[in-house]
Amino acid sequence: MTSPSFYIKTFGCQQNLADSQRIASYYKARGYKLSKTMKTASEVVINTCMIRQSAEDRVTGLVKNIAKSASWRKKNKPKIVVSGCMVGMALRDETGKYLKALQKRMPEVDEFLPLEEVGFDYPALRQEVSHAWVPISNGCNNFCTFCVVPFTRGREVSRPFKDITEEISNLAQKGCYEVTLLGQNVNSYGTDLVKNSKGYKLPNTKTVKPVMVKHLGKYRIPTLFPYLLEEVCKIKGIKTVKFISSNPWDFSDQLISVIAKNPKIDRNLHIAVQSGDDEVLKRMNRWYTQYEYINLIKKINAKIYGAQISTDIIVGFPGETEEQFQNTVKLAKEVNFAYAYVSKYSDRPITAAHKAFTDDVSHSEKERRWRILNKLINHKSTPRTAVH
Ligand code: SF4
């Protein structure tokens, strides 16, 4: 009897790519072989993204194609397993409506596999040796009003500090010299690890004390990310450390100084701005102003030699006027981004923006604004449309 085989198709961001590596390990542990093609696999796992409607539509299209192609080839349909963000959303929707809608839309799917079933315990099955994507946290607590991540992945959960440094040490021993640390809000790493008001004890016995966090209006443990970066840089064999995706609110002076002191840390810094207009930022529930963002970038440029800033921008957020869009254009000119992932606002179910606002900027207007920003920022490279 031939052993069962699996093939994974991944949609979306690097975090999904890293999740797929853990899903692969989960299958291997159950005796499955990795199939080189989708056609030869007995099980096809689709790791989904739902950041935009178009990402969901691509998943539905693929499911239908797999089923159709099996019937044309007069072969048994492979078992179709759907995982990732769409399943995460179904899991967290207590009404059960989203799961029912998924089952109705894709009756060909045999199993919906929540990532929680896979967990962080399965080591990633990586094909590449020299570079590794290393998730350090999952989920997000920020609830930007346009974003589905807190609903698809749940609240932020940080991996234990020691687990991460041990995993990277093992990778380095096997020849890996470049790592990219991953998290939806990577620079807020560790705030959930603190269990009491005295602070957090790091593995090297140093204790990190709570600080006042302006946008929360309360004392909270500062992010442990700068400490983690320092430790990862000390690991023998690691030559380059990258990280995505950062947000402005946890890009502290301490983090800037750790990067400035450590030549191993990549100078390409991705810091999402989303809009250059204060009113739009407020409605997006992002806790900084245009002035604060520009000041942060000035500080980074003054302290980190060779820093290159990239970003994410959404155009056509509900109610965004021409004047508000022009504020984003002004910010882009002032910051001089190396590149940007510019995306057209896509109304997503469950989000606060979907409930509170009307998606009232026309498609053609979003397209016009998208072109203007792409031309301004990405004129040296191909237009970029992905977002974390
Ligand atoms: S945009 Fe980023 S920071 Fe905001 S809720 Fe989504 S994942 Fe979190």
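Calculation rules
In every chain, residue numbers begin from 1 and rise along the written sequence. The predicted origin of the model limits local features to residues at a pLDDT of at least 70 and limits the giving and counting of side-chain atom pairs to 80 or more, whereas totals for whole chains, interfaces and linings rest on all residues. What counts as a helix is a DSSP run of H or I of at least four residues, what counts as a strand is a run of E of at least two, and both are numbered from the N terminus. Atoms considered for the radius of gyration are the C-alpha atoms alone. The globule rule reads 2.2 Å times the number of residues to the power 0.38. Whether a residue is buried, exposed or partly exposed follows from its count of other C-beta atoms within 10 Å of its own C-beta, namely 20 or more, 12 or fewer, or something in between, respectively; the C-beta atoms are built from the backbone. We call two residues in contact if the C-beta atoms placed from their backbones are at most 7 Å apart. By definition, a residue lies near a molecule or strand when the C-beta atom built from its backbone is within 6 Å of it. Throughout this entry, Asp, Glu, Lys and Arg are counted as charged residues, while Ala, Val, Leu, Ile, Met, Phe, Trp, Tyr, Cys and Pro are counted as nonpolar. The remaining residues, Gly among them, count as polar. By convention the nonpolar core is taken to be a set of buried residues drawn from Ala, Val, Leu, Ile, Met, Phe, Trp, Tyr and Cys and joined through C-beta atoms within 7 Å. Two strands qualify as a pair provided that DSSP identifies no fewer than 2 bridges between them. Axes here refer to lines fitted to C-alpha atoms; in helices the fit is confined to the stretch in contact. Angles between the N-to-C directions go from 0 to 180 degrees. Each angle receives one of four descriptions, namely roughly parallel if under 35 degrees, roughly antiparallel if over 145, roughly perpendicular if within 65 to 115, and oblique otherwise.

*Asks:* I would appreciate a short explanation of the overall build of the protein chain in the present structure.
*Replies:* The secondary structure content of the protein chain amounts to 14 helices and 17 strands. Relative to the globule expectation of 21 Å for 388 residues, the C-alpha radius of gyration of the protein chain, 22 Å, shows essentially globular dimensions. Counting only C-alpha atoms and orienting by the principal axes, one finds that the protein chain spans roughly 65 × 55 × 45 Å. Within the protein chain, the fraction of its 388 residues that count as buried is 39%. Counted over contacts in the protein chain with a minimum sequence separation of 6, partners at least 24 positions apart contribute 78%.

*Asks:* Is there a simple way to think about the site of the ligand in this case?
*Replies:* Near the ligand you find Cys140, Asn142, Phe143, Cys144, Cys147, Val149, Pro150, Gln184, Asn185 and Asn247, and these make up its full shell. Class assignment for the residues of the shell around the ligand results in 6 nonpolar, 4 polar and no charged.

*Asks:* What is the right way to read the nonpolar core from this model?
*Replies:* Soluble globular proteins tend to pack their nonpolar side chains together in the buried interior. Core analysis: the largest hydrophobic core is formed by 94 residues, its most contacted members being Met86, Val134, Val179 and Leu228. Dropping the residues within four chain positions of it, Leu228 is found in contact with Ile136, Phe161, Ile164 and Tyr189.

*Asks:* Quick question: what am I supposed to make of the sheet that holds strand S15 (residues 268-270) here?
*Replies:* Note: strands within a sheet are paired through backbone hydrogen bonds, in either parallel or antiparallel orientation. Spatial ordering of the open sheet is given by S15-S16-S17, a layout of 3 strands whose pairing is parallel. One side of each edge strand has no neighbouring strand; the edge strands of this open sheet are S15 and strand S17 (339-344). Neighbouring strand axes in the sheet, compared pairwise and without regard to direction, differ in orientation by 15 degrees on average. By the bridge criterion, 3 bridges tie S15 to strand S16 (residues 308-315) in an arrangement that is parallel. Counted as the bridge partner of His270 is Ser310 from S16. Running at roughly 175 degrees to S17, helix H14 (residues 363-377) makes contact with S16 and S17 of the sheet.

*Asks:* Any chance you could explain the packing of helix H3 (residues 85-92) against helix H4 (residues 97-105) here in plain terms?
*Replies:* A packed helix pair is summarised by two numbers, namely the angle formed by the two axes and the spacing between the axes. It is the contact of H3 with H4, at a shortest axis distance of 7 Å, that shows an interaxial angle of 135 degrees. Here H3 is positioned oblique relative to H4, judged by the angle of their axes. Two secondary-structure elements touch here, H3 through Met86, Met89 and Ala90 and H4 through Tyr98, Leu99 and Leu102. Partitioned by chemical class, the residues of the contact of H3 with H4 number 6 nonpolar, no polar and no charged.

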